[in-house]
Amino acid sequence: MGANYCMSCGAPLAPRDVDGTMRHACTAEGCSFVHWGNYSIGVGALVLREGKVLLVRRAQEPGKGYWTNPGGYIEQLEMIHDTIVREVKEETGVDASVRGIVALRDLPRNIHNVYVAFAMDYIGGEPVPDGVEVDAAGFYSMEELETMNVAGFTRWLIDVALKSGGDGLIEDREPVVKLDGHGLFRL
């Protein structure tokens with residue numbers, strides 16, 4: 001489903017060539033709104049404690065009944081690294097801090113999804129499911145994972161986290177140039 005009306009002024013949108021690509025753009029005189037597409041950004045946590053990984057069992061679609069790493073979608077005015085800390089806490093009650101970004105998935109479709117996976121350090125708390133999005137949560141060994149209904153993408157993320165040679169991209173807390181409101185990550 002695409003946009004039909006301008007989000008700035010409410011006028012109808014119509015196809016227009018914008019830099020060589022057909023896009024829906026506002027038809028009103030003086031309005032420059034262009035609908036660039038539909039996008040979502042998801043985040044996932046890879047929290048390890050004593051050789052075990054934090055997993056949740058999905059209680060809702062998509063993926064109902066599958067074990068996955070905790071995660072969710074960013075909020076409009078929330079920094080991405082704050083999102084994953086919040087999501088882990090909401091879904092499991094566990095406190096964790098961001099160590100770095102270890103994986104990225106690009107999934108183009110009607111709503112183009114980008115997923116950022118964070119390596120996180122366990123701080124405290126015992127896993128307790130939220131009872132809404134997830135109905136079970138815990139730390140599980142690699143051996144235990146073999147008998148669980150773990151989603152394929154989560155298996156891939158766990159492999160990435162365990163085999164990464166470092167922390168991946170880490171937050172640049174002291175950039176050479178101060179850029180207010182930016183979340184900056186670097187090698």
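In this text, all values refer to a predicted model and were calculated from it rather than measured experimentally.

### Some remarks on the sheet that holds strand E3 (residues 34–35)
Argument step 1. In space, the 3 strands of this open sheet follow the order E1-E2-E3, with antiparallel pairing throughout. With partners counted over all chains shown, the strands left at the sheet margins are strand E1 (13–18) and E3, one partner each.
Argument step 2. Bridge count for E1 against strand E2 (residues 21–26) is 6 bridges, and the pairing is antiparallel. Among the inter-strand pairings, Arg-16 is bridged to a residue of E2, identified as Arg-23.

### Concerning helix H3 (residues 152–163)
Argument step 1. Between its first and last C-alpha, H3 extends 17 Å over 12 residues, near the 16 Å set by a 1.5 Å rise per residue.
Argument step 2. Buried residues of H3: Thr-154, Leu-157, Ile-158, Val-160 and Ala-161, and no others. The buried side chains of H3 occupy one side of the element, clustering within an arc of 160° when seen end-on. Across from the buried face of H3, at angles greater than 90 degrees, the exposed residues are Gly-152 and Lys-163.
Argument step 3. Lining the buried residues of H3 we find strand E4 (39–49), strand E5 (52–58), strand E6 (67–68), strand E8 (95–107), strand E9 (112–124) and helix H2 (142–145).

### Considerations on unusual backbone geometry
Argument step 1. Omega for the bond connecting Glu-61 with Pro-62 falls within 30 degrees of zero, at 0°, which places this linkage in the cis form.
Argument step 2. Here Pro-62 lies in the loop between E5 and E6.
Argument step 3. Phi at Asp-19 is positive, roughly 55°, even though this residue is not glycine.
Argument step 4. Mapped onto the elements of the fold, Asp-19 is located in the loop between E1 and E2.
Argument step 5. Although it is not a glycine, Glu-50 adopts a positive phi angle of roughly 50°.
Argument step 6. Given the relative accessible area of 77%, Glu-50 is considered exposed.

Parameters at a glance
Residues numbered from 1 in each chain as written. Predicted model: local features only at pLDDT ≥ 70, side-chain atom pairs only at ≥ 80, totals over all residues. Heavy atoms only, no water. Pairing = 2+ DSSP bridges. Helix = DSSP H or I, 4+ residues; strand = E, 2+ residues; numbered from the N terminus. Expected span 1.5 Å × (residues − 1). Buried < 20%, exposed > 50% of the residue type's maximum accessible area, 1.4 Å probe, protein only. Arc of directions from axis to C-beta. Contact = heavy atoms within 4.5 Å.

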